[in-house]
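# Coordinates in review
If you want the building blocks of each chain, they are given just below.
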Amino acid sequence: MTVLASALDPASAEYAAHRDAMLAKLAELDTEQAKALEGGGAKYVERHRKRGKLLVRERIELLLDPDTPFLELSPLAAWGSEYPVGASMVTGIGVVAGVECLITANDPTVRGGASNPWTLKKAFRAHEIGHANRLPSIHLVESGGADLPSQKEIFIPGGALFKHLTRSSAAGIPTVAVVFGNSTAGGAYVPGMCDHVIMVKGRAKVFLGGPPLVRMATGEESDDESLGGAEMHARTSGLADHLAEDERDALRQARRVVSRLNWRKAHPDPAPADEPKYDPEELLGVVPGDLRTPFDPREVIARVVDASDFDEFKPLYGTSLVTGWAALHGYPVGVLANAQGVLFSAESQKAAQFIQLANQRDIPLLFLHNTTGYMVGKEYEQGGIIKHGAMMINAVSNSRVPHLSVLMGASYGAGHYGMCGRAYDPRFLFAWPSAKSAVMGPQQLAGVLSIVARQSAAAKGTPYDDDADAALRAMVEQQIESESLPMFLSGRLYDDGVIDPRDTRTILGICLSALHTAPVEGARGGFGVFRM
Ligand code: COA
């Protein structure tokens, strides 16, 4: 009875145009993601192989259970920066010995696997995900430590890496380090802070200071093996719990360690669920190339949730925000999806009520973004749009059920916040290639700047140069447009990845399964004062 009907016509010209626009964006995305896969480039990859070592993704593949998926996180980290795309590290969620684990792995082909400011941000985000969802973590270590030229950006904040590991351990979340190579100085504390440590014989080098530094500091002559070799740590210092013959053996041992964790998720896995009634392939044709054209988010919901079954809440009220109950891979979810773009007072109040209900019922929330923000204008200000928007932001901030956010289209202004943007701690946040996020749309922002400049000139009594204004507007528009794009935002770690719309159901399913490792408990009260 609550199965959604679809008005999408895959034979229409509109659909074809939307699909073409989305496929073009996906092709661009593929090109950029391929850069992360290249690691440090052919020369360094070849050298690494000649040394008889496995590449970072090969290590991960051997660690995971065969034929299980790996949800890679932040693959575009550092995009648009001076550092290589991917930030010399791979992070993600995968299944090891039947246990969903968080994995971080240095890419030693990128500047010796050294950590730059983006590596740090990527590692921190991975830790945050691991901790919030109580995922055991496995760290595949081979790194030249801090990227020395950028040490000022990383030395002081970077210390939190070790704090995160020990706090996870203190919270009863297991941590495992597998050391394949260099793990110097700060890096030595990764195995130092982990619950379980495996080192590869003849390869792992774990010391606070290498032989040259020791000679400088104390005059003592030493060598790598006696200072920090795997044999020494396994037989003498006791830092290594397990000595591995080679890389493959180390990964086997890591799987064995995980199989002995006696790890139990807080919630059992649900029964297999029905697929959506409509083909997810059609998600390519939903979002218009021009985001000013609205689209019905029910077309998305119908291709993401189990059996396309969506039980809408308050369908006649605040119709610019669609809210309702569904299941996704058997997990119950409450969905909030923007319809016409703008959030008015009614939509904000409806959202606040819906979020409270989900908390009472312990149901995770899924936010599907396509909003230009809260409505402005005299009528709306007088109608209390600020306090109603605040109500929604209050509800989303103090909600305790896990939140998932997907940026499908626009995500502008405080609407981004109310819909659980990055600063509101969604457990996971992904963007479609069609997404755009900024304080406001590029044209609006350039227009506002121009009006402000014109008024300022008038106040000073100076003439206003209209030609310069037009040029400035064009420049600002272009700048804001490029800064609003998902690759740019993903590069800055403002999402956990840009995803193919067709993968949305699978990815959200992996997230929902992972987050049910931790207890899902909503807030019973504990909201801020709702301004009425
Ligand atoms: N910061 C910045 N760049 C680094 C780096 C670091 N910590 N470690 C390595 N690199 C760079 C190298 O300069 C080299 O660049 P190039 O190819 O443009 O010349 C590239 O990464 C590869 O390094 P290389 O030494 O050729 O690789 P390797 O695999 O033979 O050795 C290490 C890797 C990590 C063992 C070695 O580079 C090393 O000892 N680095 C310094 C480690 C250190 O003391 N870090 C400080 C910790 S706080």
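For the structure itself, consult the block above.
The text that follows walks through the structure, step by step, so that each part is easy to find. (Residues numbered from 1 in each chain as written. Predicted model: local features only at pLDDT ≥ 70, side-chain atom pairs only at ≥ 80, totals over all residues. Heavy atoms only, no water.)

This paragraph deals with the packing of aromatic side chains. The final tally for this structure, using the stated rule, is 7 aromatic pairs. Between Phe162 and Tyr189 the ring centres are 5.5 Å apart and the planes differ by 40 degrees, which places this aromatic pair in the tilted class. On the criterion of sequence distance, the pair formed by Phe162 in helix α6 (residues 160-170) and Tyr189 in helix α7 (residues 189-193) is long-range, its members being 27 residues apart. On the basis of relative accessibility, which here comes to 38%, the residue Tyr189 falls in the partly exposed class. Arranged with centres 5.6 Å apart and planes meeting at 50 degrees, the rings of Phe344 and Tyr380 form a pair that is tilted. Placement of the pair is Phe344 in the loop between β12 (342-343) and α13 (345-361) and Tyr380 in helix α14 (residues 378-382), with a sequence separation of 36 residues. With relative accessibility at 27%, the residue Phe344 sits in the partly exposed group. Judged by relative accessible area, Tyr380 falls into the partly exposed class, the value being 25%. Linked through ring pairs, Phe313, Trp325 and Phe354 together constitute an aromatic cluster. Cation over ring: Arg59 sits above Phe180, and NZ or CZ is 4.1 Å from the ring centre. Between the NZ or CZ atom of Lys314 and the centre of the ring of Tyr317, over which it lies, the distance is 5.4 Å. (Phe/Tyr/Trp six-rings, centres within 6.5 Å; stacked < 30°, edge-to-face > 60°. Helix = DSSP H or I, 4+ residues; strand = E, 2+ residues; numbered from the N terminus. Buried < 20%, exposed > 50% of the residue type's maximum accessible area, 1.4 Å probe, protein only. Lys NZ or Arg CZ within 6 Å of the ring centre and 35° of its normal.)

Residues Phe428 and Phe430 line one face of strand β16 (residues 428-431) and the alternating positions Leu429 and Ala431 line the opposite face, and both faces are buried. Two elements, strand β15 (residues 403-412) and β16, share 4 bridges in a ladder whose sense is parallel. Each bridged residue has a counterpart across the sheet, and for Ser405 the counterpart in β16 is Leu429. As for the winding sense of the linkage, the β-α-β connection from β15 through helix α16 (residues 413-418) to β16 is right-handed. (Pairing = 2+ DSSP bridges. Right-handed = clockwise from strand over helix to strand, strands pointing away.)

What follows deals with the pattern of salt bridges. All chains considered together, the criterion is met by 33 salt bridges. With a closest N to O distance of 3.3 Å, Asp269 and Lys265 form a salt bridge. Each of the salt bridges in this network shares a partner with another, and the network as a whole consists of Arg19, Glu281, Asp500 and Arg502. (Salt bridge = Lys/Arg side-chain N within 4 Å of Asp/Glu carboxyl O.)

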